[in-house]
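What follows is each chain in one-letter form.
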Amino acid sequence: MTGASADKAGGVRRVAVIDIGTVTVRLAVADVGPHSAVDVLRRHRIVQLGEGVATTHRLSAAALGRADAVLGEYCRILDKLAAEGAPAQKVSVLATYAA
């Protein structure tokens, strides 16, 4: 099922969500219809973005570098899906913080 033809055929859209958290960065891609969602892929990588924040009140350069590397990896995954004819029609990025 390709993104464009699936959207017209059955109201199914491919969507992707990237969740940037304190410890992990996650990617979820799903084909979402009016009454269902089917996982296409899920990834998560530990980046420890919040490492040292309790004492410095700042994100460290090393933690930002790890997050940047993972976000680059996720962009390449999404680009590959698009090249295969199944692009995400919507990509949402959100940041979460567990206190």
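That block above? That's the structure.
Keep in mind the model is a prediction, meaning the values are calculated, not measured.

Examining the overall build of the protein chain
Moving on, step 1. For the protein chain, the count of helices and strands is three helices and four strands.
Moving on, step 2. Among the 99 residues that make up the protein chain, the fraction classed as buried is 27%.
Moving on, step 3. Long-range pairs, those at least 24 residues apart, make up 49% of the contacts in the protein chain with a sequence separation of at least 6.
Moving on, step 4. A total of about 6300 Å² of accessible surface is found on the protein chain, and carbon and sulfur atoms cover 58% of it.

Considering the sheet that holds strand β2 (residues 24–32)
Moving on, step 1. Read from one edge of the open sheet, four strands run β3-β2-β1-β4, paired in mixed fashion. Single-partner strands in this sheet number two, and they are β3 (37–46) and β4 (90–95). The average angle at which neighbouring strand axes cross in this sheet is 15°, direction not considered.
Moving on, step 2. As paired strands, strand β1 (residues 13–20) and β2 are joined by eight bridges and run antiparallel to one another. Following the sheet pairing, arginine 13 is matched in β2 by valine 32.
Moving on, step 3. Helix α3 (residues 61–83) rests against β1, β2, β3 and β4 of the sheet, and its axis sits at about 15° to β2.

Considerations on the nonpolar core
Moving on, step 1. Core analysis: the biggest nonpolar cluster contains 16 residues, and Val25, Leu27, Val29 and Tyr74 have the highest contact counts within it.
Moving on, step 2. At the level of secondary structure, the elements contributing two or more residues to this core comprise β1, β2 and α3.
Moving on, step 3. Ranked by residues supplied to this core, first place goes to α3 with seven residues.
Moving on, step 4. Apart from residues no more than four positions distant in its own chain, leucine 27 is found in contact with Ala16, Val17, Ile18, Leu41, Arg42, Arg43, Tyr74, Ile77 and Leu78.

Parameters and conventions
- Residues numbered from 1 in each chain as written.
- Predicted model: local features only at pLDDT ≥ 70, side-chain atom pairs only at ≥ 80, totals over all residues.
- Heavy atoms only, no water.
- Helix = DSSP H or I, 4+ residues; strand = E, 2+ residues; numbered from the N terminus.
- Buried < 20%, exposed > 50% of the residue type's maximum accessible area, 1.4 Å probe, protein only.
- Contact = heavy atoms within 4.5 Å.
- Areas by Shrake-Rupley, 256 points an atom, 1.4 Å probe, with all protein chains shown as cover.
- Pairing = 2+ DSSP bridges.
- Axes fitted to C-alpha atoms, helices over the stretch in contact; angles between N-to-C directions.
- Core = buried A, V, L, I, M, F, W, Y, C linked by side-chain atoms within 4.5 Å.

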